[in-house]
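This is what each chain is made of:
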Amino acid sequence: MLKLFPLTTKISNGHITIGGCDTTELAAGFGTPLYIFDETTLRSKCAEYREAFEKRYPDSVISYACKAYLNRALAQIFDQEGLSLDVVSGGELAIARAAGFPMERVHFNGNNKSRQDLDLAIECGIGRIIVDNFYEISLLDRIAGEADVQQEILLRISPGIDPHTHAHLTTGNVDSKFGFPMTQAEEAIAAAMSCSSLNPVGLHFHIGSQIFDLTPYIQAINAVMDFADVMRAKYNFNLQELSTGGGLGIAYSSESVPPTVGDFADTITVTVTERCASLGFELPKLIVEPGRSIIGQAGVALYTVGAIKDIEGVRKYVSVDGGMSDNIRPSLYDAKYEAMVANKAEKHPAVEFERITIAGKYCESGDILIKDIDLPKVEPGDLIAVPCCGAYCLSMASNYNAALKPAIVLVKDGNARLIRRRETYEDLTSCDTV
């Protein structure tokens, strides 16, 4: 199971270590729930993506999808690794700005950007805005005009492709809140090209998330390129940039085998190159937007065992000090995780295993992190380490039951750096006005 953990994970004296740091010492020093990010894994994934695409398609951009998770320390790492950022809110844009991230390398996605969002984007000098609907075309044209800015945009197309993933993770089919369906895309091109303050330089699509079958990418690229060909003939539309979104899946279980980054890069670059050749297009700048597949494996959630409830012949519940407040994914769409006992990690024939269900501490029956997992016999005070928690856990975290959002540490070469402190009870009332 260690292959699900960060690249630097080892077992030493029966304890899990990550980035040279003993998880039991991290728990003692920073408390739990604790989210641990391995800097080596994160930088390795950035480099893997950048190198995979650059060697196959030199004019390519890796734009990290910030919705997976972002804070200032991570934004600075992405900057150092030469990535761009794909933000989907004014808040994510503000984090990038606070981190000193170059605004010309930021792209702004989202289906309902507010006036405030777009004002901030124009003020920051953002590189690209991915326009999602007709309302946004007119609103952004007005805002850019008032600021005397010629804003470069991509139009998001919904190509009507089934990505063969969970229904909640599908974004590129016809029945979606995102993007212009093909039946409206031509009208969107005409509208955008008529705007005096907008410069439509390309097209964007994103078909979904946690995708293992790469065929839908081929189908989507072909559909969007065919559309671009028609728009070139009818409106003299020049496809300078093409964003194929992100969505590459990762392994959450030992048996899962997702495509490699190289497989993903081959599929995208070969399809774009061949389709451009057949249609007589110059190769556009290629943009991809990985999120989960960059940060997912880098993150581990660490919990402390508390109450244990053994219902004979039914189930044994082992409750931990976190749950759906810091990781709602199992409750939201039945996401599956594996786990290890961080302080009992050494394999030994004499170790007694038992089947348990790891439950959260919050007042919902659905607050179950992992159902029916076989682990060494646990006791209160033991530490449960859950891998592949770098993506979406923290970005969807809440204060449900007035829970305190967890601390986050970045580990490397035996050093642990706190990059987000644990919330306090005072934080819970800091925005109250009475």
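Everything quoted here is computed from the prediction, not taken from an experiment. (Residues numbered from 1 in each chain as written. Predicted model: local features only at pLDDT ≥ 70, side-chain atom pairs only at ≥ 80, totals over all residues. Heavy atoms only, no water.)

Draft legend 1. Representation of helix H3 (residues 72–80) in the model. Every buried residue of H3 is accounted for by Ala 73, Leu 74, Ala 75, Ile 77 and Phe 78. Along its buried surface, H3 packs onto helix H2 (39–56), strand E5 (60–65), strand E6 (84–87), helix H10 (292–295), strand E20 (407–412) and strand E21 (415–420). Sitting at the head of H3, Asn 71 places a side-chain oxygen 3.2 Å from the backbone nitrogen of Ala 73. Once H3 ends, the next one or two residues include Gly 82, with phi positive near 80 degrees. (Buried < 20%, exposed > 50% of the residue type's maximum accessible area, 1.4 Å probe, protein only. Helix = DSSP H or I, 4+ residues; strand = E, 2+ residues; numbered from the N terminus. Contact = heavy atoms within 4.5 Å. Polar contact = N/O pair within 3.5 Å; in protein donor to acceptor, adjacent residues only side chain to side chain.)

Draft legend 2. Highlighting the pairing of strand E19 (residues 383–386). Of the two faces of E19, both are covered, the one formed by Leu 383 and Ala 385 as well as the one formed by Ile 384 and Val 386. With four bridges connecting them, strand E14 (residues 299–311) and E19 associate as antiparallel partners. By the bridge assignment, Tyr 303 is partnered in E19 with Ile 384. Where strand E16 (residues 340–341) meets E19, two bridges bridge the pair, whose relative direction is antiparallel. Pairing of Met 340 across the sheet is with Ala 385, part of E19. (Pairing = 2+ DSSP bridges.)

Draft legend 3. Focus on the side chain of Gln 210. By the secondary structure assignment, Gln 210 is in the loop between strand E11 (198–204) and helix H8 (215–235). For Gln 210, the side chain forms a polar contact with the main-chain oxygen of Ile 250, separated by 2.8 Å. Only 3.3 Å separates the side chain of Gln 210 from the side chain of Arg 292, close enough to count as a polar contact.

Draft legend 4. Seen up close, helix H9 (residues 261–279). In a regular helix each residue adds 1.5 Å, so 19 residues correspond to 27 Å; H9 covers 27 Å between its end C-alpha atoms and thus fits that length. Along H9, the residues classified as buried are Val 261, Gly 262, Phe 264, Ala 265, Thr 267, Ile 268, Thr 269, Thr 271, Val 272, Cys 276 and Leu 279. Buried residues in H9 make contact with H2, H8, strand E12 (241–243) and strand E13 (285–288). Within two residues after H9, Gly 280 carries a phi angle of roughly 75 degrees, on the positive side. (Expected span 1.5 Å × (residues − 1).)

Draft legend 5. Focus on empty space enclosed by the protein. All told, the structure shown has one cavity of 30 Å³ or more when counted by the stated rule. Lining the largest cavity are 15 residues, and of these Ser 209, Gly 247, Glu 289, Gly 291 and Tyr 392 lie nearest its centre. Tallied by class, the residues present in the lining of the largest cavity amount to four nonpolar, eight polar and three charged. (1 Å grid on protein atoms, 1.4 Å probe; cavity = no way out; pocket = protein on both sides within 12 Å on 5 of 7 lines; lining within 4 Å. Points joined across faces, edges and corners; volume = space filled by probe spheres on them. Nonpolar A, V, L, I, M, F, W, Y, C, P; charged D, E, K, R; others polar.)

Draft legend 6. Expanded view of the environment of Gly 360. Position of Gly 360 among the secondary structure elements: in the loop between strand E17 (353–359) and strand E18 (368–376). Once the C-alpha coordinates of Gly 360 and Leu 394 are considered, the two residues, 34 residues apart in sequence, prove to be 15 Å apart.

Draft legend 7. Broad picture of the environment of Pro 284. Relative to the elements of secondary structure, Pro 284 occurs in the loop between H9 and E13. With a relative accessible area of 1%, Pro 284 lands in the buried category. Spatially, the C-alpha atom of Pro 284 lies 7.8 Å from that of Asp 59, the residues being 225 residues apart in sequence. With residues near it in sequence (within four places) discarded, Pro 284 still touches Tyr 57, Asp 59, Leu 239, Gln 240, Glu 241, Leu 242, Val 272 and Cys 276.

Function cannot be read off these values alone, since they describe shape.
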